[in-house]
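Working through the structure, step by step
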Amino acid sequence: PEYISVSDLANALRIKPRMFLVDLEQLGFENIVQDSVMTGETAALVAAEYGFETKVDTGDGRDLKPRPPPEDPFALPPRPPIVTIMGHVDHGKTTMLDWLRKSSVAAGEHGGITQHIGAFSVKLKSGKLITFLDTPGHAAFLSMRQRGANVTDIVVLVVAVDDSVKPQTIEAIKHAQNAKVPMIVAINKIDVDDDPRRIDAVKTDLASNGVEIEDYGGDVQVVAVSGVTGRGMGDLEESILTLSEILDMRAETDGMAEGWVLEASVKADGRAATILVKRGTLRIGDLIVAGKTYTRIRTMKNEAGTDMKEAGPGTPVEIYGSWKQPPMAGDMVLQAPDETKAQNAVEYRQEIADRANSAAQQAQKELADREEA
Ligand code: GDP
Ligand code: MG
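Please read all numbers here as calculations on a predicted model, not as lab measurements.

This structure, assessed with the given rule, holds two aromatic pairs. Between Phe20 and Tyr50, the aromatic rings sit 5.9 Å apart at their centres with planes inclined by 55°, giving tilted as the arrangement. Here Phe20, found in helix H2 (residues 17-26), pairs with Tyr50, found in the loop between helix H3 (40-49) and strand S3 (82-87); they are 30 residues apart in sequence, far enough to count as distant. A relative accessible area of 26% means that Tyr50 is categorised as partly exposed. Between Lys301 and the ring centre of Tyr320, over which it is positioned, the NZ or CZ distance is 5.9 Å.

A separate point is the packing of helix H1 (residues 6-13) against H2. Relative orientation of the contacting elements H1 and H2 amounts to 105°, with a least axis distance of 9 Å. Classified by the angle between their axes, H1 and H2 sit roughly perpendicular to one another. Residues Val6, Leu9, Ala10 and Leu13 of H1 touch H2, and the partners they reach there are Pro17, Phe20, Leu21 and Leu24.

Bridging between S3 and strand S5 (residues 129-134) involves four bridges; their strand directions are parallel. Bridge pairing in S5 links Ile82 to Thr131. Between strand S4 (residues 119-123) and S5, which follow one another and run antiparallel, lie five residues, and Gly127 among them has a positive phi close to 95°.

To continue, consider the nonpolar core. Within the largest apolar cluster, 22 residues are counted, with the highest numbers of intra-cluster contacts made by Phe132, Val156, Leu236 and Ile240. Among the elements that make up this core, the one with the highest residue count is helix H9 (residues 233-247) (five residues). Dropping the residues within four chain positions of it, Ile240 is found in contact with Val83, Ile130, Phe132, Ile154, Val156 and Ile184. Core analysis: the second largest hydrophobic core is formed by 21 residues, Val155, Ala172, Ala176 and Ile213 among them.

The next point concerns unusual backbone geometry. In the Ramachandran plot, Asn31 falls in the positive-phi region, its phi being about 50° despite a non-glycine side chain. Inspection of the secondary structure puts Asn31 in the loop between H2 and strand S2 (37-39). Note on Asn31: relative accessible area 75%, which makes it exposed. Its identity is not glycine, yet Asp90 carries a phi of approximately 70°, on the positive side. Here Asp90 is to be found in the loop between S3 and helix H4 (93-103).

Attention shifts here to helix H8 (residues 196-208). Over its 13 residues, H8 runs 18 Å from end to end, which matches the ideal 18 Å to within 8%, given 1.5 Å per residue. What H8 keeps buried is the set Ile199, Val202, Lys203 and Leu206. Down the axis of H8, the buried set is contained in an arc of 100°. They therefore lie on one face. Among the exposed residues of H8, those pointing more than 90 degrees away from its buried face are Arg197 and Ser208. Packed against the buried residues of H8 are strand S6 (154-160), helix H7 (167-178), strand S7 (183-188) and strand S8 (221-224). Near the N-terminus of H8, the side chain that reaches the backbone nitrogen of Arg197, with its oxygen 2.9 Å away, is that of Asp195. Positive phi appears at Gly210, one or two residues downstream of H8, with a value of about 90°.

So, about the environment of Leu276. Position of Leu276 among the secondary structure elements: in strand S10 (residues 270-279). Those residues in contact with Leu276 that lie beyond four places of it in its chain are Ile82, Thr131, Leu133, Val151, Glu258, Gly259, Trp260, Leu262, Gly314, Thr315 and Pro316.

Let us now look at the side chain of Thr152. Position of Thr152 among the secondary structure elements: in the loop between helix H6 (138-146) and S6. In terms of polar contacts, Thr152 uses its side chain to reach the backbone carbonyl oxygen of Ile82, at 3.1 Å. Polar side-chain contacts of Thr152 include one of 2.9 Å to the side chain of Thr84. When residues no more than four places from it in sequence are discounted, the contact partners of Thr152 are Ile82, Val83, Thr84 and Val181.

Here the focus is the confidence of the model for the protein. Caution is warranted with low-pLDDT regions, since their predicted coordinates should not be read in detail. In the predicted model, the protein carries a mean pLDDT of 87, and the fraction of residues at 70 or more is 91%. Note that residues 105-115 has pLDDT below 50 and, in this model, 21 contacts with residues that lie over four places away or in other chains. We note a pTM of 0.79 for the whole complex and an ipTM of 0.99 for its interfaces.

About the thresholds
Residues numbered from 1 in each chain as written. Chains lettered and ligands numbered in written order. Predicted model: local features only at pLDDT ≥ 70, side-chain atom pairs only at ≥ 80, totals over all residues. Heavy atoms only, no water. Phe/Tyr/Trp six-rings, centres within 6.5 Å; stacked < 30°, edge-to-face > 60°. Helix = DSSP H or I, 4+ residues; strand = E, 2+ residues; numbered from the N terminus. Buried < 20%, exposed > 50% of the residue type's maximum accessible area, 1.4 Å probe, protein only. Lys NZ or Arg CZ within 6 Å of the ring centre and 35° of its normal. Axes fitted to C-alpha atoms, helices over the stretch in contact; angles between N-to-C directions. Parallel < 35°, antiparallel > 145°, perpendicular 65-115°, else oblique. Contact = heavy atoms within 4.5 Å. Pairing = 2+ DSSP bridges. Core = buried A, V, L, I, M, F, W, Y, C linked by side-chain atoms within 4.5 Å. Expected span 1.5 Å × (residues − 1). Arc of directions from axis to C-beta. Polar contact = N/O pair within 3.5 Å; in protein donor to acceptor, adjacent residues only side chain to side chain. pLDDT = per-residue confidence, 0-100.

Here it is as structure tokens:
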């Protein structure tokens, strides 16, 4: 974020600095002096108190921005729902994903799955596509959330019947609730224990942790499954389809593409990034910017390692290219119309980062000097 000193902000708002300090104290700021710095976000809030509207500096249009939201989302083509599997460690997330992967029509068509990227699309017997994500890393999730982005439409919360609600279960519940993402609960490992009393005990634990499950009058579906034997997995798919019909997700398939970096890695054949496309369609040869780096798309593969020519909304895809620096999980991906635009955006972002760094360093130095004095 950008930083601004109190005196600069006072000037911008055309208020006498000493008056400004009094006002700031009334707003609840403590130990504040003219040289104190605040983030751009805080400054914008303060400015709003004085009736000012703040505009984000886009560097004379040098930065790339996502398109404005669609005017009529319901006029757009449907896209596959994006489902994130979350839950406590060892409760069976990966096992469940593996089962879904193997059961998918695509897996049969391509003669088995070769890779283990944490995102893939499954074609159900009905012909409908669902995209599944393994829980992304915490930092990546936070980064996407901070930009108000929900990568996921639905959270499937996995709870092992023999372990019930655990700390990471509660964390996942909070995440889904904060992000306002609807949840489906999969009570897993029923091949080990399918005693209805045990299943009910898990439901009670969920309810007492704020999950409004159907049995208790809420609208969160609960299914009992085994990721090992596949028992109940059809019901889980059914529940996901029911919910996604209600949610009715749609997105543009044309225009400049947008998405998110889910994972980044270095492979034998170059730098790769798993990208989830959210809007538009990515094609080989397209230029994409992610954070402070960009590349032209050299090749794209799905999770089965099959080459893809294009990837539309709701599709996870592994992209290979000659990134100048590696992209990072959680970076927003934006297609650039030409190389100059891509380069300008990356340079602008670097400048902003450098400025923020030196402002923070300056602020720390001033603080240290003052403590010495
Ligand atoms: P994750 O940490 O949530 O990804 O959990 P894993 O999928 O790695 O599973 C943890 C352990 O539980 C592994 O030993 C799995 O074989 C086992 N497991 C997962 N699902 C089931 C299940 O439905 N039944 C049984 N019996 N074991 C399971
Ligand atoms: Mg796992």
